[in-house]
Amino acid sequence: MLLYRTKDSVMLSYGSVVQAIADDWDALINHENLAAYLPTLVSEGPQQQHFVKSNTNEERLAPIGNQEVWAAGVTYYRSRSARIEESQDAGGGTFYDRVYTAERPELFFKAAPWRVRGPGALIRTRRDARWSVPEPELALCVNSRGTIVGYTIGNDVSSRDIEGENPLYLPQAKCYDGSCALGPALFVSEDPLAPGTGIELRVTRGGAIAFQGSTTVSEMRRSPQELVEFLYREMSFPHGCILLTGTGVIPPDEFTLESGDAVDITIPPIGTLSNVVE
Ligand code: DO4
Ligand code: MG
């Protein structure tokens, strides 16, 4: 089951049906037992003031309401190695290695909901950064009670020269206008994604592939539940939250995003999140 947000409604895609089912995203994702509740809305039919229509021509928005976006870091071995290299001059060799194996994960604030870009919208690199990369990540949608209710795709666009210069610059490397994209849909499921689920990144520049890489969720060192448990330990999320789970795909050091680059991230049960760099 996929949920799409549009300007006026929340659309449910279930089998061959695409149906407008709600207009309050926050209430919907916090509904008790969401995965069981959604099919009951489809069976109510048009006479219950629900209507079936195609949403292909409607503008899709990021699958987010009033949720904060948080992110986990260094959850894949590839990310650990890349950060150690980029932060060598700042003494990064040990703190990235230590967080990879530590019990407590790295968790950081990524974006306020109003700063998130949806599918098809422009993403940005910082004007004061020299080295910017997309980070394709599985994103968890977690309700106010700390239950994972679904999955979407996140792009944790980052400035690697700024985070590599000094770890205290991390918030500036991670949080700025256009640094977070989410979409195209929320895949609602009570079950975890299959370990073999792929996460694929493709960057196209001038019609040619500038970078392509992939990983699978089984490469993640921590479980989604473990990340949520740490995030919710001492923080309440009255509307729920979105939690990006870290990247396992890192372009080579000579790669940096350029204006006009098309960034496509695919995770099969969810779809493809496509954005262009402003
Ligand atoms: O600490 C650096 C950021 C890590 C990150 O964003 C990731 O591993 O995805
Ligand atoms: Mg990341």
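Since the model is a prediction, treat every value here as computed from it, not as a measurement.

Engineer: Tell me about the nonpolar core, residues and numbers included.
Structural biologist: Core analysis: the largest hydrophobic core is formed by 45 residues, its most contacted members being L138, L140, Y151 and V263. Grouped together as the second largest cluster of nonpolar side chains are 29 residues, V10, A35, A62 and V188 included.

Engineer: Could you give an account of the coordination of the magnesium ion (ligand 2), with specific residues and numbers?
Structural biologist: Coordination of the magnesium ion (ligand 2) by the protein involves E135 (OE), E137 (OE) and D156 (OD), with metal-donor separations of 2.0 to 2.1 Å. We note that the donor set of the magnesium ion (ligand 2) lies within a single chain, spaced as E-x1-E-x18-D. Residue E135 is found in the loop between strand 9 (132–133) and strand 10 (136–142), and its partner D156 is found in strand 11 (residues 148–156); the two are separated by 21 residues along the sequence. A relative accessible area of 3% places E135 in the buried class.

Engineer: Account for the site of ligand 1, naming residues and giving values.
Structural biologist: Not every one of the 16 residues close to ligand 1 is listed here, only the nearest: V74, S79, E106, K174 and T247. A distance of 2.8 Å is found between an oxygen atom of ligand 1 and a backbone nitrogen or oxygen belonging to V74. With respect to ligand 1, the side chain of E106 contributes an N or O atom lying 2.7 Å from an oxygen atom. Coverage of ligand 1 by the protein chains reaches 99% of its 280 Å² of free accessible surface. In this structure the site holding ligand 1 corresponds to the largest cavity. Of all elements in the fold, only strand 6 (68–73), helix 3 (77–86), strand 7 (106–111) and helix 6 (170–174) reach the threshold of two or more residues within the shell around ligand 1. Class assignment of the residues belonging to the shell around ligand 1 gives a composition of five nonpolar, four polar and seven charged.

The rules we used
Residues numbered from 1 in each chain as written. Chains lettered and ligands numbered in written order. Predicted model: local features only at pLDDT ≥ 70, side-chain atom pairs only at ≥ 80, totals over all residues. Heavy atoms only, no water. Core = buried A, V, L, I, M, F, W, Y, C linked by side-chain atoms within 4.5 Å. Buried < 20%, exposed > 50% of the residue type's maximum accessible area, 1.4 Å probe, protein only. Donors = N, O, S within 2.8 Å, 3.2 Å for Na, K, Ca; no water. Helix = DSSP H or I, 4+ residues; strand = E, 2+ residues; numbered from the N terminus. Near = heavy atom within 4 Å. Polar contact = N/O pair within 3.5 Å; in protein donor to acceptor, adjacent residues only side chain to side chain. Areas by Shrake-Rupley, 256 points an atom, 1.4 Å probe, with all protein chains shown as cover. 1 Å grid on protein atoms, 1.4 Å probe; cavity = no way out; pocket = protein on both sides within 12 Å on 5 of 7 lines; lining within 4 Å. Sits in = over half its atoms within 2 Å of the grid points. Nonpolar A, V, L, I, M, F, W, Y, C, P; charged D, E, K, R; others polar.

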